[in-house]
Amino acid sequence: MKQKLITILAALSTTICSAASFATQTQVIYAGSMLAGAGQTLEKQRTIVIEDAIITRIEKGYVSVTDLALPDAKIIDLKNQFVLPGLIDMHVHVTFERDASANPHRWITEYEADYALRSVKYLQRTLAAGFTSVRDLGSSYKVIFPLQRAVERGDIQGPRIFAAGDTITPTGGHADLHGYRKDISDVISGGLGVCDGADDCRRAVREVIKSGADVIKITATGGVLSNTAAGVNQQFTDQELTAIVDTAHNLARSVTAHAHGTSGIKAALRAGVDSIEHGSYLDKETVKLFKQHNAYLVPTLLAGQTVSQEVLSNPNMPVAIANKVRTVVPNVAASFKLALKNKVNIAFGTDSGVSRHGNNADEFLWLVKYGMTEKQAIMSATVNAAKLLGEQDRLGQLSVGKQADIISVNGSPLDDITTLQNVQFVMKAGQVYKHQL
Ligand SMILES: [Zn+2]
(Lines give C-alpha, C1' and ligand atoms only; values in the text may rest on other atoms or scores of the structure.)
Protein backbone atom coordinates (compact mmCIF):
# COMPACT_ATOMS: atom_id res chain seq x y z
CA MET A 1 0.00 0.00 0.00
CA LYS A 2 2.77 2.34 1.04
CA GLN A 3 4.70 1.40 -2.09
CA LYS A 4 1.62 2.16 -4.23
CA LEU A 5 1.27 5.62 -2.65
CA ILE A 6 4.94 6.38 -3.31
CA THR A 7 4.50 5.35 -6.95
CA ILE A 8 1.49 7.66 -7.32
CA LEU A 9 3.35 10.58 -5.69
CA ALA A 10 6.37 9.97 -7.92
CA ALA A 11 4.15 9.96 -11.01
CA LEU A 12 2.51 13.19 -9.87
CA SER A 13 5.81 14.95 -9.27
CA THR A 14 7.03 13.91 -12.75
CA THR A 15 3.90 15.43 -14.31
CA ILE A 16 4.28 18.65 -12.37
CA CYS A 17 8.00 18.97 -13.23
CA SER A 18 7.46 18.41 -16.94
CA ALA A 19 4.62 20.97 -17.00
CA ALA A 20 6.80 23.48 -15.16
CA SER A 21 9.81 22.95 -17.42
CA PHE A 22 7.59 23.48 -20.48
CA ALA A 23 6.20 26.69 -19.06
CA THR A 24 9.59 28.15 -18.24
CA GLN A 25 11.39 27.36 -21.50
CA THR A 26 12.43 30.65 -23.04
CA GLN A 27 11.56 31.09 -26.71
CA VAL A 28 13.03 33.44 -29.30
CA ILE A 29 11.13 34.41 -32.45
CA TYR A 30 12.93 35.90 -35.46
CA ALA A 31 10.25 38.01 -37.19
CA GLY A 32 10.81 39.09 -40.81
CA SER A 33 8.21 41.87 -40.51
CA MET A 34 6.02 42.73 -37.57
CA LEU A 35 3.39 45.17 -36.38
CA ALA A 36 4.76 46.62 -33.16
CA GLY A 37 3.29 48.45 -30.20
CA ALA A 38 0.03 50.35 -29.72
CA GLY A 39 0.45 52.12 -33.06
CA GLN A 40 0.97 48.81 -34.92
CA THR A 41 4.08 50.24 -36.56
CA LEU A 42 5.63 48.17 -39.33
CA GLU A 43 9.11 47.01 -38.31
CA LYS A 44 11.51 44.68 -40.13
CA GLN A 45 13.83 42.02 -38.74
CA ARG A 46 13.10 41.83 -35.06
CA THR A 47 13.95 39.36 -32.30
CA ILE A 48 11.13 38.69 -29.84
CA VAL A 49 11.98 36.99 -26.53
CA ILE A 50 9.20 35.11 -24.76
CA GLU A 51 9.55 33.93 -21.18
CA ASP A 52 6.64 31.92 -19.79
CA ALA A 53 3.59 33.55 -21.34
CA ILE A 54 5.03 37.06 -21.66
CA ILE A 55 7.02 39.04 -24.25
CA THR A 56 10.06 40.15 -22.26
CA ARG A 57 12.31 41.71 -24.93
CA ILE A 58 12.09 42.95 -28.51
CA GLU A 59 15.47 43.63 -30.16
CA LYS A 60 16.41 45.11 -33.53
CA GLY A 61 17.84 42.62 -36.03
CA TYR A 62 18.24 38.88 -35.50
CA VAL A 63 20.16 38.56 -32.25
CA SER A 64 21.73 35.15 -31.57
CA VAL A 65 20.78 33.27 -28.42
CA THR A 66 24.42 33.60 -27.33
CA ASP A 67 24.31 37.38 -27.64
CA LEU A 68 20.99 37.38 -25.85
CA ALA A 69 22.67 35.34 -23.08
CA LEU A 70 19.88 32.79 -23.52
CA PRO A 71 21.78 29.76 -24.81
CA ASP A 72 18.99 27.31 -23.91
CA ALA A 73 16.21 29.28 -25.62
CA LYS A 74 14.16 27.61 -28.33
CA ILE A 75 14.40 29.43 -31.66
CA ILE A 76 11.31 29.92 -33.83
CA ASP A 77 12.26 31.10 -37.31
CA LEU A 78 9.61 33.42 -38.80
CA LYS A 79 12.11 35.38 -40.93
CA ASN A 80 10.00 34.90 -44.06
CA GLN A 81 6.77 35.72 -42.25
CA PHE A 82 4.68 38.76 -41.39
CA VAL A 83 4.11 38.67 -37.63
CA LEU A 84 1.26 40.34 -35.81
CA PRO A 85 -0.58 40.18 -32.49
CA GLY A 86 -3.11 37.37 -31.98
CA LEU A 87 -6.47 38.49 -33.33
CA ILE A 88 -9.49 39.20 -31.14
CA ASP A 89 -13.09 38.57 -32.21
CA MET A 90 -15.49 40.57 -30.04
CA HIS A 91 -18.67 38.78 -31.11
CA VAL A 92 -18.87 35.02 -31.40
CA HIS A 93 -21.17 32.24 -30.25
CA VAL A 94 -18.83 29.30 -29.80
CA THR A 95 -21.53 26.96 -28.53
CA PHE A 96 -23.38 26.68 -31.82
CA GLU A 97 -23.09 27.02 -35.57
CA ARG A 98 -25.99 27.61 -37.95
CA ASP A 99 -26.65 24.55 -40.01
CA ALA A 100 -29.60 24.61 -42.40
CA SER A 101 -29.51 20.81 -42.66
CA ALA A 102 -29.55 20.12 -38.89
CA ASN A 103 -32.67 19.17 -36.95
CA PRO A 104 -34.13 22.61 -36.09
CA HIS A 105 -35.54 21.17 -32.85
CA ARG A 106 -32.28 19.71 -31.62
CA TRP A 107 -32.17 22.02 -28.66
CA ILE A 108 -35.14 20.21 -27.15
CA THR A 109 -33.61 16.78 -27.76
CA GLU A 110 -30.03 17.46 -26.67
CA TYR A 111 -28.25 18.11 -23.37
CA GLU A 112 -25.74 20.82 -22.55
CA ALA A 113 -22.93 18.30 -23.01
CA ASP A 114 -23.94 17.86 -26.67
CA TYR A 115 -23.36 21.58 -27.17
CA ALA A 116 -20.10 21.57 -25.26
CA LEU A 117 -18.68 18.62 -27.15
CA ARG A 118 -19.63 20.10 -30.52
CA SER A 119 -17.97 23.36 -29.45
CA VAL A 120 -14.56 21.72 -29.03
CA LYS A 121 -13.96 21.72 -32.78
CA TYR A 122 -15.35 25.26 -33.15
CA LEU A 123 -12.82 26.48 -30.60
CA GLN A 124 -9.96 24.61 -32.31
CA ARG A 125 -10.87 26.10 -35.69
CA THR A 126 -11.09 29.61 -34.24
CA LEU A 127 -7.66 29.38 -32.63
CA ALA A 128 -6.11 27.86 -35.77
CA ALA A 129 -7.49 30.86 -37.70
CA GLY A 130 -5.30 33.14 -35.56
CA PHE A 131 -7.93 34.31 -33.08
CA THR A 132 -6.28 33.99 -29.69
CA SER A 133 -9.09 35.73 -27.78
CA VAL A 134 -12.84 35.83 -28.33
CA ARG A 135 -15.78 37.44 -26.62
CA ASP A 136 -18.75 35.07 -26.55
CA LEU A 137 -21.99 37.06 -26.59
CA GLY A 138 -24.80 34.76 -25.70
CA SER A 139 -24.43 31.08 -24.82
CA SER A 140 -25.99 29.15 -21.96
CA TYR A 141 -24.01 29.60 -18.76
CA LYS A 142 -24.15 25.81 -18.36
CA VAL A 143 -22.05 25.40 -21.52
CA ILE A 144 -19.86 28.46 -22.02
CA PHE A 145 -18.29 28.73 -18.56
CA PRO A 146 -17.25 25.06 -18.42
CA LEU A 147 -15.70 25.56 -21.89
CA GLN A 148 -13.93 28.69 -20.70
CA ARG A 149 -12.46 26.76 -17.76
CA ALA A 150 -11.50 23.79 -19.96
CA VAL A 151 -9.49 26.11 -22.23
CA GLU A 152 -7.86 27.79 -19.23
CA ARG A 153 -6.84 24.42 -17.81
CA GLY A 154 -5.49 23.34 -21.19
CA ASP A 155 -7.89 20.38 -21.42
CA ILE A 156 -9.02 21.58 -24.84
CA GLN A 157 -7.45 23.94 -27.37
CA GLY A 158 -9.12 27.24 -27.99
CA PRO A 159 -8.86 30.98 -27.77
CA ARG A 160 -9.00 32.77 -24.44
CA ILE A 161 -12.74 33.23 -23.82
CA PHE A 162 -14.42 36.30 -22.36
CA ALA A 163 -18.08 35.39 -22.00
CA ALA A 164 -21.46 36.95 -21.37
CA GLY A 165 -23.31 33.73 -20.55
CA ASP A 166 -27.07 34.15 -20.82
CA THR A 167 -28.29 37.21 -22.71
CA ILE A 168 -30.43 39.80 -20.91
CA THR A 169 -33.66 40.07 -22.91
CA PRO A 170 -37.26 41.11 -22.26
CA THR A 171 -40.01 38.46 -22.37
CA GLY A 172 -40.62 37.76 -26.06
CA GLY A 173 -37.50 39.77 -26.92
CA HIS A 174 -34.85 38.76 -29.42
CA ALA A 175 -32.98 36.38 -27.09
CA ASP A 176 -36.11 34.74 -25.67
CA LEU A 177 -37.26 31.48 -27.25
CA HIS A 178 -39.61 31.73 -30.25
CA GLY A 179 -41.43 29.50 -32.69
CA TYR A 180 -43.04 27.02 -30.25
CA ARG A 181 -46.37 26.75 -28.41
CA LYS A 182 -46.28 29.00 -25.37
CA ASP A 183 -46.61 26.11 -22.90
CA ILE A 184 -43.57 24.44 -24.51
CA SER A 185 -41.43 27.57 -24.61
CA ASP A 186 -42.43 28.27 -20.99
CA VAL A 187 -40.76 25.00 -20.04
CA ILE A 188 -37.61 25.14 -22.16
CA SER A 189 -36.69 28.84 -22.41
CA GLY A 190 -35.99 29.74 -18.82
CA GLY A 191 -32.70 31.53 -19.50
CA LEU A 192 -31.34 33.50 -16.57
CA GLY A 193 -31.54 36.72 -18.57
CA VAL A 194 -35.26 37.06 -19.30
CA CYS A 195 -36.56 40.07 -17.35
CA ASP A 196 -39.26 42.74 -17.34
CA GLY A 197 -39.23 46.02 -15.44
CA ALA A 198 -36.26 47.84 -13.93
CA ASP A 199 -36.12 45.82 -10.70
CA ASP A 200 -36.46 42.47 -12.41
CA CYS A 201 -33.72 43.43 -14.88
CA ARG A 202 -31.41 44.38 -12.01
CA ARG A 203 -32.03 40.90 -10.61
CA ALA A 204 -31.32 39.29 -13.98
CA VAL A 205 -28.01 41.15 -14.37
CA ARG A 206 -26.97 40.08 -10.88
CA GLU A 207 -27.89 36.45 -11.55
CA VAL A 208 -26.03 36.38 -14.85
CA ILE A 209 -22.93 37.83 -13.17
CA LYS A 210 -23.33 35.31 -10.33
CA SER A 211 -23.31 32.54 -12.97
CA GLY A 212 -19.89 33.74 -14.18
CA ALA A 213 -20.42 36.52 -16.75
CA ASP A 214 -17.39 38.65 -17.66
CA VAL A 215 -19.55 41.06 -19.66
CA ILE A 216 -23.29 41.74 -19.96
CA LYS A 217 -24.98 41.23 -23.32
CA ILE A 218 -28.44 42.68 -23.82
CA THR A 219 -30.89 42.71 -26.70
CA ALA A 220 -31.86 46.38 -26.85
CA THR A 221 -33.85 45.88 -30.06
CA GLY A 222 -35.44 43.08 -32.04
CA GLY A 223 -33.10 40.89 -34.04
CA VAL A 224 -32.97 39.26 -37.43
CA LEU A 225 -32.56 35.59 -36.54
CA SER A 226 -35.34 35.21 -33.95
CA ASN A 227 -38.46 33.53 -35.34
CA THR A 228 -40.85 36.40 -34.61
CA ALA A 229 -42.22 39.15 -36.81
CA ALA A 230 -41.47 41.77 -34.15
CA GLY A 231 -39.25 44.07 -36.21
CA VAL A 232 -35.97 45.52 -35.00
CA ASN A 233 -37.10 48.46 -32.88
CA GLN A 234 -36.39 49.20 -29.23
CA GLN A 235 -37.46 46.32 -26.95
CA PHE A 236 -36.28 47.33 -23.47
CA THR A 237 -37.74 50.50 -21.95
CA ASP A 238 -35.42 53.40 -21.11
CA GLN A 239 -35.87 52.60 -17.40
CA GLU A 240 -34.92 48.96 -17.92
CA LEU A 241 -31.84 49.96 -19.93
CA THR A 242 -30.66 52.38 -17.25
CA ALA A 243 -31.23 49.77 -14.52
CA ILE A 244 -29.24 47.16 -16.46
CA VAL A 245 -26.30 49.43 -17.24
CA ASP A 246 -26.05 50.88 -13.73
CA THR A 247 -26.21 47.44 -12.11
CA ALA A 248 -23.59 45.98 -14.45
CA HIS A 249 -21.21 48.92 -14.11
CA ASN A 250 -21.52 48.86 -10.32
CA LEU A 251 -20.49 45.19 -10.48
CA ALA A 252 -17.49 46.05 -12.72
CA ARG A 253 -18.93 44.58 -15.92
CA SER A 254 -19.23 46.36 -19.26
CA VAL A 255 -22.48 46.16 -21.22
CA THR A 256 -22.83 45.50 -24.90
CA ALA A 257 -26.15 45.91 -26.68
CA HIS A 258 -27.37 43.97 -29.65
CA ALA A 259 -29.17 46.79 -31.53
CA HIS A 260 -30.38 47.29 -35.10
CA GLY A 261 -33.13 49.96 -35.12
CA THR A 262 -32.14 53.61 -34.65
CA SER A 263 -34.45 54.27 -31.67
CA GLY A 264 -33.04 51.30 -29.76
CA ILE A 265 -29.43 52.20 -30.53
CA LYS A 266 -30.01 55.73 -29.25
CA ALA A 267 -31.77 54.55 -26.10
CA ALA A 268 -28.96 52.07 -25.35
CA LEU A 269 -26.24 54.67 -25.87
CA ARG A 270 -28.07 57.22 -23.72
CA ALA A 271 -28.36 54.60 -20.97
CA GLY A 272 -24.57 54.25 -21.12
CA VAL A 273 -23.82 50.93 -22.80
CA ASP A 274 -20.16 50.46 -23.72
CA SER A 275 -20.75 49.09 -27.21
CA ILE A 276 -23.37 48.37 -29.85
CA GLU A 277 -23.42 45.09 -31.77
CA HIS A 278 -24.55 45.27 -35.43
CA GLY A 279 -25.76 48.93 -35.46
CA SER A 280 -27.61 48.43 -38.73
CA TYR A 281 -29.54 51.72 -38.82
CA LEU A 282 -27.23 54.57 -37.84
CA ASP A 283 -27.90 58.25 -38.44
CA LYS A 284 -26.09 61.50 -37.63
CA GLU A 285 -27.54 61.67 -34.14
CA THR A 286 -26.54 58.10 -33.26
CA VAL A 287 -23.01 58.84 -34.46
CA LYS A 288 -22.95 61.86 -32.15
CA LEU A 289 -24.12 59.71 -29.23
CA PHE A 290 -21.39 57.12 -29.91
CA LYS A 291 -18.80 59.87 -29.69
CA GLN A 292 -20.33 61.56 -26.66
CA HIS A 293 -20.28 58.28 -24.72
CA ASN A 294 -16.99 57.04 -26.21
CA ALA A 295 -18.84 53.86 -27.14
CA TYR A 296 -17.74 51.25 -29.69
CA LEU A 297 -19.48 49.81 -32.71
CA VAL A 298 -19.00 46.09 -33.41
CA PRO A 299 -20.34 45.91 -36.97
CA THR A 300 -20.51 42.10 -37.66
CA LEU A 301 -20.65 42.61 -41.46
CA LEU A 302 -19.98 38.92 -42.08
CA ALA A 303 -23.19 37.90 -40.30
CA GLY A 304 -25.30 40.03 -42.63
CA GLN A 305 -23.53 38.62 -45.68
CA THR A 306 -23.94 35.04 -44.44
CA VAL A 307 -27.68 35.24 -43.78
CA SER A 308 -28.26 37.09 -47.07
CA GLN A 309 -26.76 34.09 -48.84
CA GLU A 310 -28.78 31.67 -46.71
CA VAL A 311 -32.06 33.39 -47.67
CA LEU A 312 -31.32 32.49 -51.29
CA SER A 313 -30.43 28.86 -50.62
CA ASN A 314 -32.50 27.71 -47.62
CA PRO A 315 -36.21 27.28 -48.45
CA ASN A 316 -36.88 26.25 -44.85
CA MET A 317 -35.87 29.59 -43.36
CA PRO A 318 -38.93 30.82 -41.40
CA VAL A 319 -40.77 33.65 -43.18
CA ALA A 320 -40.42 36.04 -40.22
CA ILE A 321 -36.62 35.66 -40.36
CA ALA A 322 -36.32 35.83 -44.16
CA ASN A 323 -38.34 39.06 -44.23
CA LYS A 324 -36.10 40.69 -41.62
CA VAL A 325 -32.95 39.62 -43.49
CA ARG A 326 -34.26 41.27 -46.67
CA THR A 327 -35.24 44.46 -44.83
CA VAL A 328 -32.31 44.96 -42.45
CA VAL A 329 -29.14 43.77 -44.19
CA PRO A 330 -29.23 46.26 -47.12
CA ASN A 331 -28.81 49.14 -44.59
CA VAL A 332 -25.66 47.76 -42.97
CA ALA A 333 -23.05 49.03 -45.45
CA ALA A 334 -24.23 52.66 -45.36
CA SER A 335 -24.38 52.65 -41.55
CA PHE A 336 -20.88 51.24 -41.27
CA LYS A 337 -19.53 53.81 -43.73
CA LEU A 338 -21.19 56.64 -41.78
CA ALA A 339 -19.56 55.42 -38.54
CA LEU A 340 -16.18 55.05 -40.21
CA LYS A 341 -16.32 58.51 -41.80
CA ASN A 342 -17.14 60.05 -38.43
CA LYS A 343 -14.35 58.18 -36.62
CA VAL A 344 -16.61 56.18 -34.29
CA ASN A 345 -14.58 53.60 -32.31
CA ILE A 346 -14.89 50.31 -34.16
CA ALA A 347 -13.98 46.86 -32.79
CA PHE A 348 -13.89 43.67 -34.84
CA GLY A 349 -16.71 41.14 -34.47
CA THR A 350 -18.13 38.46 -36.73
CA ASP A 351 -21.12 36.88 -34.94
CA SER A 352 -19.45 33.54 -35.81
CA GLY A 353 -21.89 30.76 -35.18
CA VAL A 354 -24.07 32.57 -37.70
CA SER A 355 -21.11 32.07 -40.08
CA ARG A 356 -18.76 29.10 -39.80
CA HIS A 357 -16.32 29.08 -36.87
CA GLY A 358 -12.79 29.43 -38.22
CA ASN A 359 -13.81 31.75 -41.05
CA ASN A 360 -13.65 34.76 -38.72
CA ALA A 361 -11.02 36.50 -40.86
CA ASP A 362 -13.55 36.84 -43.71
CA GLU A 363 -14.83 39.87 -41.80
CA PHE A 364 -11.61 41.73 -42.69
CA LEU A 365 -12.51 41.56 -46.39
CA TRP A 366 -15.84 43.31 -45.78
CA LEU A 367 -14.29 45.93 -43.49
CA VAL A 368 -11.80 46.84 -46.22
CA LYS A 369 -14.39 46.60 -49.00
CA TYR A 370 -16.56 49.12 -47.13
CA GLY A 371 -13.76 51.62 -46.66
CA MET A 372 -11.34 50.73 -43.87
CA THR A 373 -7.64 50.72 -44.63
CA GLU A 374 -5.98 47.36 -44.06
CA LYS A 375 -4.24 48.81 -41.00
CA GLN A 376 -7.51 50.13 -39.55
CA ALA A 377 -9.09 46.71 -40.03
CA ILE A 378 -6.18 45.00 -38.23
CA MET A 379 -6.30 47.55 -35.41
CA SER A 380 -10.03 46.88 -34.96
CA ALA A 381 -9.15 43.23 -34.18
CA THR A 382 -6.12 43.97 -32.00
CA VAL A 383 -5.60 47.23 -30.06
CA ASN A 384 -9.21 48.46 -30.39
CA ALA A 385 -10.69 45.12 -29.36
CA ALA A 386 -8.29 44.89 -26.41
CA LYS A 387 -9.38 48.36 -25.26
CA LEU A 388 -13.06 47.45 -25.43
CA LEU A 389 -12.29 44.30 -23.42
CA GLY A 390 -10.49 46.46 -20.84
CA GLU A 391 -7.43 44.27 -21.49
CA GLN A 392 -5.21 46.83 -23.27
CA ASP A 393 -2.45 46.37 -20.69
CA ARG A 394 -2.22 42.67 -21.51
CA LEU A 395 -3.57 41.96 -25.01
CA GLY A 396 -3.74 43.33 -28.55
CA GLN A 397 -0.16 44.38 -29.26
CA LEU A 398 3.36 43.10 -29.57
CA SER A 399 5.38 44.95 -26.95
CA VAL A 400 7.36 44.14 -23.85
CA GLY A 401 5.20 43.05 -20.91
CA LYS A 402 2.26 41.88 -23.02
CA GLN A 403 0.95 38.31 -23.33
CA ALA A 404 2.75 36.36 -26.03
CA ASP A 405 -0.25 36.03 -28.36
CA ILE A 406 1.57 35.99 -31.69
CA ILE A 407 0.51 34.91 -35.19
CA SER A 408 2.08 35.05 -38.63
CA VAL A 409 1.02 35.05 -42.27
CA ASN A 410 2.74 34.78 -45.66
CA GLY A 411 3.03 38.27 -47.13
CA SER A 412 1.87 41.60 -45.81
CA PRO A 413 -1.77 42.01 -44.77
CA LEU A 414 -1.17 45.76 -45.14
CA ASP A 415 -0.94 45.17 -48.90
CA ASP A 416 -3.37 42.27 -49.16
CA ILE A 417 -5.87 41.71 -46.35
CA THR A 418 -6.73 38.22 -47.62
CA THR A 419 -3.40 36.95 -46.24
CA LEU A 420 -5.17 36.91 -42.84
CA GLN A 421 -7.40 34.09 -44.13
CA ASN A 422 -4.35 31.80 -44.09
CA VAL A 423 -2.63 32.05 -40.74
CA GLN A 424 0.59 29.99 -40.65
CA PHE A 425 1.68 30.26 -37.03
CA VAL A 426 -0.31 30.62 -33.81
CA MET A 427 1.09 31.16 -30.31
CA LYS A 428 -1.21 31.87 -27.37
CA ALA A 429 0.24 32.84 -23.99
CA GLY A 430 3.65 31.53 -25.09
CA GLN A 431 2.39 28.15 -26.25
CA VAL A 432 2.60 27.23 -29.95
CA TYR A 433 -0.63 25.73 -31.36
CA LYS A 434 0.13 25.88 -35.08
CA HIS A 435 3.33 26.12 -37.11
CA GLN A 436 2.80 25.39 -40.78
CA LEU A 437 6.14 26.50 -42.20
ZN1 LIG B 1 -24.70 37.38 -31.98
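Residues numbered from 1 in each chain as written. Predicted model: local features only at pLDDT ≥ 70, side-chain atom pairs only at ≥ 80, totals over all residues. Heavy atoms only, no water.

Novice: Help me out: how do you make sense of the nonpolar core in this one?
Specialist: The tendency in soluble globular proteins is for nonpolar side chains to be buried side by side. Residues Ile168, Ile216, Ile218, Ile276 and Phe364 are the most contacted members of the largest nonpolar core, which totals 77 residues. It is helix α4 (residues 141-153) that contributes the most residues to this core, 6 residues altogether. Counting only domains with at least three residues in this core, you end up with domain 1 (20-86 + 397-435) and domain 2 (87-389). Those residues in contact with Ile168 that lie beyond four places of it in its chain are Gly193, Cys195, Ala204, Val205, Val208, Ile216, Lys217, Ile218, Thr219, Phe236 and Ile244. Within the second largest apolar cluster, 15 residues are counted, among which are Ala31, Met34, Ala36 and Val83. (Core = buried A, V, L, I, M, F, W, Y, C linked by side-chain atoms within 4.5 Å. Buried < 20%, exposed > 50% of the residue type's maximum accessible area, 1.4 Å probe, protein only. Helix = DSSP H or I, 4+ residues; strand = E, 2+ residues; numbered from the N terminus. Domains from an automatic or database assignment. Contact = heavy atoms within 4.5 Å.)

Novice: Would you explain the packing of aromatic side chains in this entry?
Specialist: The description of an aromatic ring pair rests on the distance of the ring centres and on the angle between the ring planes. According to the stated counting rule, one finds 5 aromatic pairs in the structure shown. Geometry around Tyr62 places Lys79 over its ring, the cationic atom sitting 5.1 Å from the centre. Sitting over the face of the ring of Tyr115, Arg118 holds its NZ or CZ atom 5.5 Å from the ring centroid. (Phe/Tyr/Trp six-rings, centres within 6.5 Å; stacked < 30°, edge-to-face > 60°. Lys NZ or Arg CZ within 6 Å of the ring centre and 35° of its normal.)

Novice: Where do I start with the packing of helix α10 (residues 301-313) against helix α13 (residues 362-369) in this structure?
Specialist: Packed helices, taken two at a time, are described by the angle between their axes plus the distance between the axes. Remark: α10 packs on α13, axes separated minimally by 8 Å, with the N-to-C direction vectors making an angle of 100°. Between α10 and α13, the angle falls in the class roughly perpendicular. The segment α10 lies against α13, with Leu301, Leu302 and Gln305 engaging Asp362, Glu363, Trp366 and Leu367. The residue makeup of the contact of α10 with α13, split by class, is 4 nonpolar, 1 polar and 2 charged. (Axes fitted to C-alpha atoms, helices over the stretch in contact; angles between N-to-C directions. Parallel < 35°, antiparallel > 145°, perpendicular 65-115°, else oblique. Nonpolar A, V, L, I, M, F, W, Y, C, P; charged D, E, K, R; others polar.)

Novice: Would you mind showing me how to read the pairing of strand β3 (residues 54-60) here?
Specialist: On a regular strand, one side chain projects to one face of the sheet and the next to the other, so that they alternate. Across 6 bridges, the pairing between strand β2 (residues 41-51) and β3 is antiparallel. Within β3, the residue paired with Ile48 across the bridge is Ile58. A loop of 2 residues connects β2 with β3, the two strands running antiparallel in sequence, and Asp52 in this loop sits at a positive phi of about 55°. (Pairing = 2+ DSSP bridges.)

Novice: For this particular structure, what's the right way to read the pattern of salt bridges?
Specialist: Where charged atoms of side chains with opposite charge meet at close range, the side chains can pair. Evaluated as defined, the whole model comprises 18 salt bridges. For Glu43, the salt bridge identified is with Arg46, shortest N-O distance 3.1 Å. Residue classification places Glu43 among the partly exposed positions, given a relative accessible area of 22%. Judged by its relative accessible area of 13%, Arg46 falls in the buried class. Across the pair Arg135 and Glu277 runs a salt bridge whose closest N-O atoms are separated by 2.7 Å. Here Glu277 lies in strand β10 (residues 275-278) and Arg135 lies in strand β6 (residues 131-136), a separation of 142 residues in the sequence. When sorted by exposure, Arg135 lands in the same class as Glu277, which is buried. Where salt bridges share partners, they join Lys266, Arg270, Asp283 and Glu285 into one cluster. (Salt bridge = Lys/Arg side-chain N within 4 Å of Asp/Glu carboxyl O.)

Novice: What exactly am I supposed to notice about the sheet that holds strand β11 (residues 296-298) here?
Specialist: Backbone-to-backbone hydrogen bonds pair the strands of a sheet. The strands run either parallel or antiparallel. Spatially, 5 strands are ordered β8-β9-β10-β11-β12 in an open sheet, and the strand pairing comes out parallel. One side of each edge strand has no neighbouring strand; the edge strands of this open sheet are β8 (216-219) and β12 (345-346). The pairing of β11 with β12 spans 2 bridges and is parallel. Within the sheet, the bridge partner assigned to Leu297 lies in β12 and is Ile346. The strands touched by helix α7 (residues 238-250) are β8 and β9 (255-259); relative to β8, the strand with the most contacts, the crossing angle is about 175°.

Novice: Before we go on, may I ask you to explain the coordination of the zinc ion in this structure?
Specialist: Note on metal geometry: ideal angles are 109.5 degrees for four donors arranged tetrahedrally and 90 or 180 degrees for six donors arranged octahedrally. The zinc ion binds to the protein through His91 (NE2), His93 (NE2) and Asp351 (OD), with metal-donor distances spanning 2.1 to 2.2 Å. In terms of primary sequence, the donors binding the zinc ion are separated according to H-x1-H-x257-D. Here His91, found in strand β5 (residues 87-92), pairs with Asp351, found in the loop between β12 and α13; they are 260 residues apart in sequence, far enough to count as distant. Assigned by exposure class, His91 and Asp351 land together as buried. (Donors = N, O, S within 2.8 Å, 3.2 Å for Na, K, Ca; no water.)

Novice: Teacher, can you tell me more about the environment of Leu282 here?
Specialist: Residue placement: Leu282 occurs in the loop between β10 and α9 (284-292). Between the C-alpha atom of Leu282 and that of Thr109, which follows or precedes it by 173 residues, the distance is 40 Å. Ignoring any residue separated from it by four or fewer positions in sequence, one finds Leu282 in contact with Ile265, Phe290, Leu297, Ser335, Leu338 and Ala339.

Novice: What exactly am I supposed to notice about the side chain of Thr419 here?
Specialist: Topologically, Thr419 is positioned in the loop between β13 (406-409) and β14 (423-428). At 3.0 Å, the side chain of Thr419 and the backbone oxygen of Asp416 are in polar contact. Sequence-distant contacts of Thr419, that is, excluding residues within four places in its chain, are made with Val409, Asn410, Gly411, Ser412 and Pro413. (Polar contact = N/O pair within 3.5 Å; in protein donor to acceptor, adjacent residues only side chain to side chain.)

Novice: I'm lost on the sheet that holds β3 in this one. Help?
Specialist: Here 7 strands make up an open sheet; going across it, the order is β3-β2-β1-β4-β13-β14-β15 and the pairing mixed. In the strand order of this sheet, the two ends are held by β3 and β15 (431-435), each with one partner. The sheet shows a mean angle of 30° between the axes of neighbouring strands, direction not considered. Both strand β4 (residues 74-85) and β13 contribute to a ladder of 4 bridges, which runs antiparallel. Counted as the bridge partner of Pro85 is Ile406 from β13. Where helix α3 (residues 112-128) meets the sheet, it contacts β14 and β15, and its direction lies at approximately 110° from that of β14.

Novice: When you look at the pairing of β6 in this model, what are you seeing that I'm missing?
Specialist: The buried fraction of β6 amounts to 6 of the 6 residues, a majority that puts the element mostly inside the structure. Sheet topology note: the β5/β6 ladder contains 4 bridges and is parallel. Looking across to β6, one finds that Asp89 is bridged to Val134. Relative to strand β7 (residues 160-163), β6 is paired through 4 bridges, and the arrangement is parallel. Following the sheet pairing, Ser133 is matched in β7 by Arg160. Following the backbone out of β6, through α4 and into the adjacent parallel β7, one traces a crossover that is right-handed. (Right-handed = clockwise from strand over helix to strand, strands pointing away.)

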